[in-house]
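# Fold and geometry: a report
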Amino acid sequence: MEYRAIRVLLEVDAGERFSDYTVRLTKTFIHALNQDVLGLIRGFKGVPQPLHISPLFTRGRREWELGDVVTPRYVWGEDGWRLEPVRIQGEYLLHVGGEAGLVDMIRERLERAGREMHHIKIGDRFIPFKVEAVEDVTSAVMEKELSGGKVALYLKAPTLLFNVYAKSRLPKFSPTAVEVLMTPFLLRSMRSMDYSALVEASSLLGHLVETYYSLNTLKPVMIPFRGRREAALMGRITYLVEDRERIRREVEEILRLAEILGVGESRMNGFGTVSWTSR
């Protein structure tokens, strides 16, 4: 299956105290333009959905690079958990990745929306959106290469990693490559999650060995999601990469798909946006 990724430059004015995970903005907007098709997407049993919609990001240093995720967070204080809203006023980036035909359709409708102001209803508020530009970043992602003995995987958005060995809702601080990259592994050939897939994924992704200092570069985050506090993971994981050429080629392919499609669970709901660099 062919996959594609686009980045969308949006102008948004949600005010100074926005208290929802910002995928509520991005997903509502994408669905409003594509509700005739996206409403029909239901992943097959055991097969991840073929579409990833990110939350809002600031603009990175390079053109079309994702900066920091924009989302309210819960912080722990003397009186318990306290939600810290965010200010959303200005230009932001949105990442959409998935099956090529589906992403092409989304891109066409975004471009058709033009640079006119649109409004979406979030709760009792109408929030203005404007599409400034849309860019296909598939080639840039697919040209990335593993050139060193390590790879740094950045969990750019809150990520819900699933423990394929023992189901848990708690974020894990030293996740294996199997736990992190199982989703793109399955989507590479539209496989379902079963024992044979787990064995095959382990035999390949087991050649990526997580380093102990990932303990210092990963952090748990607590965000608002669907009326509850959701525990997720963000930060950087560094893996050692085996130098056998066949292994490196396959791992490289999985990493490219991870940046296009996201990782972990609930990727259509804004979780699991990643990027990676060879070190």
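These numbers were taken from a predicted model, which means no experiment stands behind them. (Residues numbered from 1 in each chain as written. Predicted model: local features only at pLDDT ≥ 70, side-chain atom pairs only at ≥ 80, totals over all residues. Heavy atoms only, no water.)

## A short note on the overall build of the chain
Along the backbone of the chain there are six helices and 14 strands. What you see for the chain is a C-alpha radius of gyration of 18 Å, in line with the 19 Å of a compact globule of 279 residues. For the chain, the C-alpha atoms occupy an extent of roughly 55 × 50 × 40 Å along the three principal directions. For the chain, the proportion of its 279 residues judged to be buried stands at 51%. By sequence separation, contacts in the chain at least 24 residues apart represent 78% of the contacts at least 6 residues apart. (Helix = DSSP H or I, 4+ residues; strand = E, 2+ residues; numbered from the N terminus. Rg over C-alpha atoms; globule rule 2.2 N^0.38 Å. Buried < 20%, exposed > 50% of the residue type's maximum accessible area, 1.4 Å probe, protein only. Contact = heavy atoms within 4.5 Å.)

## Remarks on helix α6 (residues 245-261)
Compared with an ideal rise of 1.5 Å per residue, which puts 17 residues at 24 Å, α6 spans 24 Å between its outermost C-alpha atoms and is within 8% of the ideal. Those residues of α6 that fall on the buried side of the exposure criterion are Ile247, Arg248, Val251, Glu252, Ile254, Leu255, Arg256, Leu257, Ala258, Glu259, Ile260 and Leu261. Of the residues trailing α6, Gly262 is marked for its positive phi of about 85°. (Expected span 1.5 Å × (residues − 1).)

## Re the packing of helix α4 (residues 177-188) against α6
Relative orientation of the contacting elements α4 and α6 amounts to 100°, with a least axis distance of 9 Å. By the angle between their axes, α4 is roughly perpendicular relative to α6. Where α4 approaches α6, its residues Leu181, Pro184, Phe185, Leu187 and Arg188 are matched on the opposing element by Glu250, Glu253, Ile254, Leu255, Leu257, Ala258 and Leu261. Of the residues contributing to the contact of α4 with α6, the split by class is nine nonpolar, no polar and three charged. (Axes fitted to C-alpha atoms, helices over the stretch in contact; angles between N-to-C directions. Parallel < 35°, antiparallel > 145°, perpendicular 65-115°, else oblique. Nonpolar A, V, L, I, M, F, W, Y, C, P; charged D, E, K, R; others polar.)

## What about the side chain of Thr183?
Checked against the element boundaries, Thr183 lands in helix α4. Classification of Thr183 as buried rests on a relative accessible area of 2%. Side-chain polar atoms of Thr183 contact the backbone oxygen of Gly264, separated by 3.1 Å. (Polar contact = N/O pair within 3.5 Å; in protein donor to acceptor, adjacent residues only side chain to side chain.)

## Considering the confidence of the model for the chain
For the chain, the average pLDDT comes to 88, and 91% of its residues sit at 70 or higher. For residues 164-171, every residue scores under 50 in pLDDT, and the model assigns this stretch 16 contacts once sequence neighbours within four places are set aside. (pLDDT = per-residue confidence, 0-100.)

## A few points about the packing of aromatic side chains
The final tally for this structure, using the stated rule, is five aromatic pairs. Feature note: the residues Tyr21, Phe225 and Phe271 constitute an aromatic cluster, connected by ring pairs. Here the basic side chain of Lys144 rests over the ring of Trp276, its NZ or CZ set 4.7 Å away from the ring centre. (Phe/Tyr/Trp six-rings, centres within 6.5 Å; stacked < 30°, edge-to-face > 60°. Lys NZ or Arg CZ within 6 Å of the ring centre and 35° of its normal.)

## Quick look at the nonpolar core
Core analysis: the largest hydrophobic core is formed by 31 residues, its most contacted members being Leu181 and Leu205. Contributing elements (two or more residues each) for this core: β10 (150-159), α4, α5 (195-205), β13 (228-241), α6 and β14 (274-278). Phe18, Leu25, Ile88 and Leu110 belong to the second largest nonpolar core, which has 30 residues in total. (Core = buried A, V, L, I, M, F, W, Y, C linked by side-chain atoms within 4.5 Å.)

## Considering the environment of Ile237
Following the sequence through the fold, Ile237 ends up in strand β13. Given the relative accessible area of 0%, Ile237 is considered buried. Along the backbone, Ile237 and Val180 are 57 residues apart, and their C-alpha atoms lie at a distance of 9.7 Å. For Ile237, the residues in contact, after removing those within four places along its chain, are Val151, Ala152, Leu153, Leu155, Pro175, Val180, Ser214 and Leu218.

## Re the side chain of Thr26
Mapped onto the elements, Thr26 comes out in helix α1 (residues 23-38). At 3.2 Å, the side chain of Thr26 forms a polar contact with the backbone oxygen of Val23.

## Observations concerning the environment of Ile260
Mapped onto the elements, Ile260 comes out in helix α6. The exposure class assigned to Ile260 is buried, which follows from its relative accessible area of 1%. When the C-alpha positions of Ile260 and Val274 are compared, they lie 8.3 Å apart, and in sequence the two are 14 residues distant.

## Brief notes about α4
Helix length check: α4 (12 residues) gives 16 Å between terminal C-alpha atoms against 16 Å at 1.5 Å per residue, within 8%. With 11 of 12 residues buried, α4 lies mostly within the body of the structure. What α4 keeps buried is the set Ala177, Val178, Glu179, Val180, Leu181, Met182, Thr183, Pro184, Phe185, Leu186 and Leu187. Just past α4, the residue Met190 takes up positive phi, approximately 55°.

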